[in-house]
Amino acid sequence: MVVTHPDQDHAEGLAPILEYYPVGTLWMLRPWIYADQLIQHFPRMQSVATLQQRLRDDYPYIAELEKIAQKRGINIQEPFQGRKIGAFTVLTPSPARYGRLILRSDRTPQLAPGLGGALAGLVQPIKAMARMVRDGWGSERFSSEDTSVENEMSVVQWANIAGDNIVLTGDAGREGMTEAADHAPYEGLFLPGVQQFQVPHHGGRRIYRLRYVIVGSVSACVRWSQRAARPFTLSSALPRKIPTIPVTR
């Protein structure tokens, strides 16, 4: 079982599966196991144990998965870049980038001076309010904003199965997919050439601009289309007959 990242919609539902079904290995990143390396950045945390508990409290859904796995004696492994999970190979995150993401997260305790900034606590609520207003008015343009830090923690994997290159992306944003694209050739994935591609974050507009993504029968992701031998146009990539589904917002 692979937990792509700690958000509720990707982790909470795995708890009953982990508890009641046979699972050989749980692949999941847990920020608190790096507390001894991170504590220097959190001056208000008096001990490693305190920081570990705070991070468990901040990431309750994966903390619950850890508890179930430990109770059932299920092995927990870290799905970092380069690890093999069955037929799949992890393209991102790297350990170094994951550590930086923990420090950048809004969920983690206050950073030491110089790492966060005195106004950081004010900026985030203002940005959140602006997003709420914009979303309420139904803006459907691709956003120039980055996705959340937790989404950027997503485990991106690829495999070649039955002759198709398959990429699973979780909710990874531009940063994560760029790291995946950079690392792909080192794992034997040369771009373009992805036949089955899971669009990140349910197709959310904050993930990509059109120049970053190919949609259609031959799929790829961040920057990967730019390496194609022929120019890409959206109309040429889409199937000839596109089914339509009525949507009410």
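It should be noted that the structure appears before, not after, this text.
For clarity, every value in this text was computed on a predicted model and none was experimentally measured.

Engineer: Honestly, the overall build of the protein chain in this entry has me stumped. Any pointers?
Structural biologist: Helix and strand counts for the protein chain stand at 10 helices and 7 strands. Across the 249 residues in the protein chain, those meeting the buried criterion constitute 43%. Here the contacts in the protein chain between residues at least 6 apart in sequence split such that 72% fall between residues at least 24 apart. Counting only carbon and sulfur atoms, one obtains 56% of the accessible surface of the protein chain, whose full area is about 14,000 Å².

Engineer: Which parts of the structure should I look at to understand the packing of helix α4 (residues 48-58) against helix α5 (residues 60-72)?
Structural biologist: Angle between the axes and distance between the axes: these two values describe a pair of packed helices. Remark: α4 packs on α5, axes separated minimally by 5 Å, with the N-to-C direction vectors making an angle of 110°. In this view, α4 runs roughly perpendicular relative to α5, as classed from their interaxial angle. In this structure, α4 uses R56, D57 and D58 to contact α5, whose residues at the interface are P60, A63 and E66. Considered class by class, the residues forming the contact of α4 with α5 number 2 nonpolar, no polar and 4 charged.

Engineer: Just to check I follow, could you spell out the side chain of E152 for this structure?
Structural biologist: Looking at the element boundaries, E152 is found in helix α8 (residues 149-152). A residue is classified by how much of its surface remains accessible, and E152, at 4% relative accessible area, is buried. In this view, E152 contacts R97, L101, T147, A172, G173, R174, E175 and G176; residues no more than four positions away in its chain are not counted.

Engineer: When you look at the pattern of salt bridges in this model, what are you seeing that I'm missing?
Structural biologist: Once their charged atoms are close, side chains differing in charge can pair, the charge on each being opposite to the other. For the structure on display, the rule yields 10 salt bridges. Note that E179 is salt-bridged to R97, the shortest N-O span being 2.8 Å. Placement of E179 in helix α9 (residues 174-183) and of R97 in helix α6 (residues 95-104) is noted, with a sequence separation of 82 residues between them. The exposure classification of E179 matches that of R97, with both residues buried.

Engineer: Help me understand the nonpolar core in this model?
Structural biologist: Core analysis: the biggest nonpolar cluster contains 32 residues, and V3, L18, L26 and L65 have the highest contact counts within it. Broken down by element, this core gets its largest block of residues, 5 residues, from α5. Residues within four places of L26 in sequence aside, it is in contact with M1, V3, L18, L65, A69, I74, N75, I76 and Q77. The next biggest cluster of nonpolar side chains, apart from the first, holds 13 residues, and it includes V156, L189, L191 and V194.

Engineer: I tried to follow the packing of α6 against α9 on my own but got confused; where do I start?
Structural biologist: The N-to-C vectors of α6 and α9 enclose an angle of 175°; their axes lie 13 Å apart at closest approach. Regarding the angle of α6 to α9, the classification is roughly antiparallel. Judged by residue contacts, R97, L101 and R104 of α6 engage E175, G176 and E179 from α9. For the contact of α6 with α9, a count of residues per class yields 1 nonpolar, 1 polar and 4 charged.

Procedures and definitions
Residues numbered from 1 in each chain as written. Predicted model: local features only at pLDDT ≥ 70, side-chain atom pairs only at ≥ 80, totals over all residues. Heavy atoms only, no water. Helix = DSSP H or I, 4+ residues; strand = E, 2+ residues; numbered from the N terminus. Buried < 20%, exposed > 50% of the residue type's maximum accessible area, 1.4 Å probe, protein only. Contact = heavy atoms within 4.5 Å. Areas by Shrake-Rupley, 256 points an atom, 1.4 Å probe, with all protein chains shown as cover. Axes fitted to C-alpha atoms, helices over the stretch in contact; angles between N-to-C directions. Parallel < 35°, antiparallel > 145°, perpendicular 65-115°, else oblique. Nonpolar A, V, L, I, M, F, W, Y, C, P; charged D, E, K, R; others polar. Salt bridge = Lys/Arg side-chain N within 4 Å of Asp/Glu carboxyl O. Core = buried A, V, L, I, M, F, W, Y, C linked by side-chain atoms within 4.5 Å.

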